[in-house]
Amino acid sequence: MPILPTLRRASALALVLSLPATAWTASAWAQTTTPAAAPAPAVSPETVVAKVNGTPITQGDLTVAGEDPALSLPGVDDAQKKNLLVDYMIDLKVGAQAADAAKIGETPDFKRKLAYFRDKLLLDEYLDREAKKAATPEAARALYDQTVKAMKPEEEVHARHILVDNEGDARKIAERIKGGEDFAKVAAEASKDPGSKTEGGDLGWFTKERMVAPFAEAAFKLPVGQVSDPVKTQFGWHVIKVEEKRTKPIPGFEEMKEQVDQYLTRKAQQDLILKLREGAKVERTDAAPAVAPPPPETKKP
């Protein structure tokens, strides 16, 4: 299913570059948080919440600061968060005014950084705006339906196993279980697999490609409720019991919607960047990086 895994949101440019071709923390404050109050009435972005040497700090400034991932304040209620952001913006303004007085903004290095972050913010905003035009509910549903239609039914098996070091031990265990002993109890007692022995050897549901070939072939051929003869893999010797078989269920649209939307967004951003590049006159004036030739092949004796 051509849907990318869910990733945390970074800048729009970072999302584009990550798509294949096809700080502050609130840990200390959170410990003293109180239950969230009812939502406060909407405040105009132009509302002044503080002044620093006559320079206003507005509600809109707080909104922008609150969107900064470095200022994420999980677990902090709205009133506390606003107070923290106001304090932060006051410190920011005080420091920025001091830096301005020291003419930091006039240095070539600062100007380069300012130009870089201006370009980056412009690109992020542009890509976000354009991507919203592509990630519509209709487009998401169409992509989901198209993907589901192209999917082939896939079989899954729910099985248990007991892993031991040698064939002799595996045969003895298989005989015990076929003789009536409880598989889960024997697995807890004898299995060498630390990941499943405490669960009675339960491996859950799996598709064929998730297991090594000898194990998968034996498990998928075995009838439900039956116990296998010893099966050898690189991990040792296995005794397998198949609990259930089914056709792997297809995730519903609501379950996949977030991933579908993310795919559409990233695809739209990638397509836009490629289109912009094609229409731009780009000149590389740096020297092409040297590529070392591959070492000569040597024949094996």
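Preceding block: the structure.
Residues numbered from 1 in each chain as written. Predicted model: local features only at pLDDT ≥ 70, side-chain atom pairs only at ≥ 80, totals over all residues. Heavy atoms only, no water.

(A) Main features of the overall build of the protein chain. Helices and strands together make up the secondary structure of the protein chain, namely 10 helices and 6 strands. Taking all 301 residues of the protein chain together, the buried fraction comes to 28%. (Helix = DSSP H or I, 4+ residues; strand = E, 2+ residues; numbered from the N terminus. Buried < 20%, exposed > 50% of the residue type's maximum accessible area, 1.4 Å probe, protein only.)

(B) Representation of helix α7 (residues 167-178) in the model. Between its first and last C-alpha, α7 extends 16 Å over 12 residues, near the 16 Å set by a 1.5 Å rise per residue. When α7 is considered as a whole, its buried residues turn out to be Ala170, Ile173, Ala174 and Ile177. Looking straight down α7, one finds its buried side chains confined to an arc of 100°; they lie on one side. The exposed residues of α7 that point more than 90 degrees off its buried face are Lys172 and Glu175. The inward-facing, buried residues of α7 abut β3 (155-164), α8 (183-190) and β6 (236-247). The backbone nitrogen of Gly168 lies 3.2 Å from a side-chain oxygen of the residue at the head of α7, namely Asn166. (Expected span 1.5 Å × (residues − 1). Arc of directions from axis to C-beta. Contact = heavy atoms within 4.5 Å. Polar contact = N/O pair within 3.5 Å; in protein donor to acceptor, adjacent residues only side chain to side chain.)

(C) Representation of the nonpolar core within the structure. Judged by nonpolar contacts, the single largest core of 13 residues is most densely connected at Ile162, Val164, Ile173, Ile177 and Val239. Residue contacts for Val164: discarding those within four places in its chain leaves Asp169, Ala170, Ile173, Ala190, Lys192, Gly236 and Trp237. (Core = buried A, V, L, I, M, F, W, Y, C linked by side-chain atoms within 4.5 Å.)

(D) Looking closely at the pairing of β3. With respect to burial, β3 is a largely interior element, 9 of its 10 residues being buried. With 10 bridges joining them, β3 and β6 adopt antiparallel strand pairing. Looking at the pairing, Val164 lines up with Trp237 of β6. With 4 bridges connecting them, β3 and strand β4 (residues 202-207) associate as antiparallel partners. Bridge pairing in β4 links His158 to Trp205. (Pairing = 2+ DSSP bridges.)

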